[in-house]
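Overview (structure and organization)
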Amino acid sequence: MNFFEHQDEAKRKTKWLVFNFVLAVISIIGAIYFLAIFANELLQARGDPNGYHPTVPNQWWQPTIMLYSATCSLLLIFGGSLFMTRNLSKGGSAVAKMLGGKRLHPETKDPKERRLRNVIEEMAIASGVPVPEIFILHEENSINAFAAGHTSSNAAIGVTRGTLETLNRDELQGVIAHEFSHILHGDMKINIRLMGILHGILMIAILGTFLIRSAGLGGGRFGSRQRKSSQATLAFMGAGMALIAIGYIGVFFGKLIKSALSRQREFLADASAVQYTRNPSGIASALKKIGGFSEGSKMDSPKAEEASHFFFENALSPAWLNALATHPPLEERIKRIDPSFSGTIPPYAAQSTSPSSTPTGASGFSSQGQTPTLPTQELITSIGAPSSKHLSYAEVFLTSLPEKIVQMSRSTDGAMALMYALLLDTQMDIQQLQLESVGQAFGSEVSQKVKELSSILDSLGTQARLPIIDLSLPSLRKMSKVEYAQFIKMLVTLIKADQAFDLHEMVLIKVIQHHLSPTFSKSTKKESRFRTFSSIQKDVHFLVSAFAYVGNSEKEQILQAFTKGWEKVSPHPKTILPFEEMDVSKLNETLDKLALASPSLKQEIILACTTTTESDGKLTADEAELLRAVGDTLNCPIPPMVAVLEMRT
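This one's a predicted model, so the numbers in the text were calculated from it and none came from an experiment.

The subject of this paragraph is the nonpolar core. Across soluble globular proteins, you tend to see nonpolar side chains buried next to one another. One finds Ile176, Met419 and Phe487 to be the most contacted residues of the largest nonpolar core, which totals 135 residues. The leading source of residues in this core is helix α21 (residues 503-520), at nine residues. Leave out the neighbours within four places in its chain, and Phe487 touches Met416, Met419, Tyr420, Leu476, Met479, Ile512 and Leu516. Of all hydrophobic cores here, the second largest spans 20 residues; its members include Phe146, Ala148, Ala156 and Met195.

Although it is not a glycine, Arg278 adopts a positive phi angle of roughly 50°. Within the fold, Arg278 resides in the loop between α10 (230-277) and α11 (280-292). Its identity is not glycine, yet Asn635 carries a phi of approximately 60°, on the positive side. Mapped onto the fold, Asn635 is located in the loop between α26 (621-633) and β6 (647-648). Overall, Asn635 belongs to the partly exposed group, its relative accessible area being 31%.

As a further point, take the confidence of the model for the protein chain. Of all residues in the protein chain, 84% attain a pLDDT of 70 or more, and the chain-wide mean is 83. Per-residue pLDDT stays below 50 along residues 218-228; that stretch engages in 15 contacts with residues further than four places along the chain or on separate chains. A low-confidence stretch, residues 357-373 stays under pLDDT 50, and its non-local contacts, those more than four residues away or across chains, total 51 contacts.

As a further point, take the packing of helix α17 (residues 428-442) against helix α18 (residues 444-460). Put simply, α17 and α18 touch, their axes get as near as 7 Å, and they point 140° apart. The crossing of α17 and α18 is right-handed. In contact with Gln431, Leu435, Val438, Gly439 and Phe442 of α17, α18 contributes Ser444, Val446, Ser447, Val450 and Lys451.

For the rest of this paragraph, the subject is the pattern of salt bridges. In total, this model carries 15 salt bridges according to the counting rule given. Residue Glu133 pairs with Arg103 through a salt bridge whose shortest N-O separation is 2.6 Å. You can see Glu133 sitting in strand β2 (residues 133-137) and its partner Arg103 sitting in strand β1 (residues 102-103), a full 30 residues away along the chain. Overall, the relative accessible area of 15% leaves Glu133 in the buried class. A salt bridge links Arg161 to Glu113, with the shortest nitrogen-to-oxygen separation between them at 3.2 Å. Of this pair, Arg161 sits in helix α5 (residues 161-166) while Glu113 sits in helix α4 (residues 111-127), placing them 48 residues apart in sequence. One connected set of salt bridges, linked through shared partners, spans Lys112, Glu113, Arg161 and Glu165.

Attention now goes to the sheet that holds strand β3 (residues 145-148). Hydrogen bonds between backbone groups are what pair the strands of a sheet, and the pairing can be parallel or antiparallel. If you walk across this open sheet you meet the four strands as β1-β2-β4-β3, and the pairing is mixed. Looking at the sheet topology across the chains shown, the edges are occupied by β1 and β3. As judged from the two bridges shared by β1 and β2, these two strands associate in the antiparallel manner. Opposite Arg103, over in β2, you have Phe135 as the bridge partner.

Before going further, it helps to spend a moment on the packing of aromatic side chains. Counted according to the given criterion, the structure contains nine aromatic pairs. A centroid spacing of 5.3 Å and a plane angle of 65° characterise the contact between Tyr33 and Phe34, whose relative ring orientation is edge-to-face. Look at Tyr484 and Phe520: their rings are 4.4 Å apart centre to centre, the planes differ by 10°, and that puts the pair in the stacked class. Residue Tyr484 is found in helix α20 (residues 481-496), and its partner Phe520 is found in helix α21; the two are separated by 36 residues along the sequence. For Tyr484, a relative accessible area of 13% gives the class buried. One aromatic cluster is present, formed by Tyr420, Phe442 and Phe487 through successive ring pairs. Over the ring of Phe530 we find Lys593, and its NZ or CZ is 5.2 Å from the ring centre.

Here is what the cut-offs are and how they apply
Residues numbered from 1 in each chain as written. Predicted model: local features only at pLDDT ≥ 70, side-chain atom pairs only at ≥ 80, totals over all residues. Heavy atoms only, no water. Core = buried A, V, L, I, M, F, W, Y, C linked by side-chain atoms within 4.5 Å. Buried < 20%, exposed > 50% of the residue type's maximum accessible area, 1.4 Å probe, protein only. Helix = DSSP H or I, 4+ residues; strand = E, 2+ residues; numbered from the N terminus. Contact = heavy atoms within 4.5 Å. pLDDT = per-residue confidence, 0-100. Axes fitted to C-alpha atoms, helices over the stretch in contact; angles between N-to-C directions. Left-handed = near helix turned anticlockwise from the far one by under 90°. Salt bridge = Lys/Arg side-chain N within 4 Å of Asp/Glu carboxyl O. Pairing = 2+ DSSP bridges. Phe/Tyr/Trp six-rings, centres within 6.5 Å; stacked < 30°, edge-to-face > 60°. Lys NZ or Arg CZ within 6 Å of the ring centre and 35° of its normal.

Take a look at the structure:
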C-alpha cells in the first residue's frame, strides 16, 4: 500500500468511525428514553392512590418523551464533542499539553533530550515533513510515546521521561520511526478526530458522576443542602448511577471504535519503522524493554483513557476483553518484527544508555555540481515512505550543517533571518535592493545577518533549502500574529525585487505559508473536494505549463516537456499556456485548489510534473527540490532524492 492508498484508506476509516458514532448515539438515546419512561411511570405510580402500573403496551411509546430524550441527549453529546474538538483545533500541541507534556527547550543541555531532538529532526528531514513540536511528559516514568495533530504542519511528538531514561539511541529511533508512520499515513488525523467525537458520547457518564457528587457523596457544592432531604439525595444518586450505567454504552463503543481503528495500524507502523531504520532490533528491543520494565507503558495521566489510541504501546491497564484493547498483544508485535523471539520477556535490568546525539559514521556532505536522474516510479513510491538511505542522508546532512545555521533555526528571530536569506537573489544589484528592504524594516544589524547567512546557504546547495525550512518551522510558529504578518510581507517584498516570475521562489514562500497558516489563522480544516480530473483540469494545465518552463530555454524543449507531462493526466492534447500567464496569484490559487484533490488525483499530478521536468532525460537538483516543494504544498511529502545526491563518509 503506497502513500496515496493509505490516504484513501484513512478516509474510509473515517466513514466507518462516523457510522459507529451514529450507532452509539442511537443506543444512548434509546437508553435515555427508556430511563425517562421508567422515571415517568414511577412518578405516576406515586401520585396514583390506586397504584398505577403500566400494563398497556402503547404506553411505552410516548413521542413527547422521545423528543425530549433525543433533544437532551443530542445537545449533550454534540456539545461535548464540539467542546473537545474546539480544544484540539490547535493540533498536536493541545493533546500533548492535555497529557501533561512540556515543550522541549530548543537550547536544552540535557544530553538525552538533545538526542531525542536530533532523532526527531533526522526522521523529519528523511520523511520530507516539518519538524514536529517536541514534548516530554516528565511525570510519566513508563516507556511510551505518541504523535498527534491534524496534519504534519501542526504535529507534535511526545515521549515520557521513562522513554528518555531507559531506551538507547537505536531503540528510541525505532519508537520515533513508528510515530512518524502515523504522521505520514494520516493516522494522526483520525486519532485526534476520534478523541473529539468520543468525548461527546462520554458526556452521559460525566453528567452521572456530577449528579452523584451533587448528592453529597463526592463533596459537591450542593451536598450539604441536599443531605437535608433523603429523598432528593436518593433521587440524585439513582439518576446519577443510571446515567453512569448508560454512559458505559459510550465507553463500550469508544473502546470498540478505538480498538478497531488502532490495532492493525500499530502493526503497519511497526513494519514502517523497520523499513525506515532497517534495524528491526531497535523497535523490537524497545518493546521487550516495555514488557520487562516495572512501570511498563501504563500512563498515570487522567486523560490517558481518552488518548489511549495515540500511544506507542497500551497506556491503560490490561483490557478484560482483548477485543477492546487499543493495541495488539505485546508478544505478537515482537514476534512479527523478530521471528526468533521465544515469547519470554525477561525482567528489565537497568543499564547505562549512551546519550550521544551524533550518529556514528557521519562526517561530511557535498552538494555541488550535480546533474542527477531519478526514475519517476521511484519518486512516487518514496512519497510517505522514507527508507534507510533517506535516514542516512538526514543523519549526514544534520551532522554537516554549519553550527551557525543550526543556532539560527533554534530561535524565532534567527529562523526569520534564515528565511529572508533563502530568498536573496544571486544578482548583486537586486540583492542590494532586497537587503535595503530588510534594513528599513528591521534595522541594519538584521540586514547584515541576512547577508552573512546567505553566503553560508549558497555553499550548501539547492537541496538544503527545504530541510532548513523544516528545521526552522518550530521556531517560526512562536511568532506573534503581528510578527507573522510582517514576516510574510517581507518575504513577498524580497520575491518581487527582481520583478520576474521565479517558480522556485513562489513555491518556497508557499511552503512556508502552507505550514504556518494553521498556527496563525482560524481557517477551517479542508477536506478533499475534487475527485474528478475535469474539476481541476484548468489548474493542472497551469501547473504543468509552469513546470515546462523550468529548466528549459528553447521553445521546442518547452513544448516537448509540456506534451510529455500532459499525456500523463489526459489523453486529450492541450496547448501550453503562454509564459505571460505565469503569475504569483495564479500559482497560489492553483496550489490551494490542487491541495483539495483526492489522493489518486494528487498522484497523477505529481507524476505529470515529474515527467515534465525530466523530459530532457535528467532531473537537476533544482528541479528535484521544486518537485518536493510542490508535493509539500499538496500534502504529499517527498523525501530527499538521495538517489541523485552525493554523500561522502
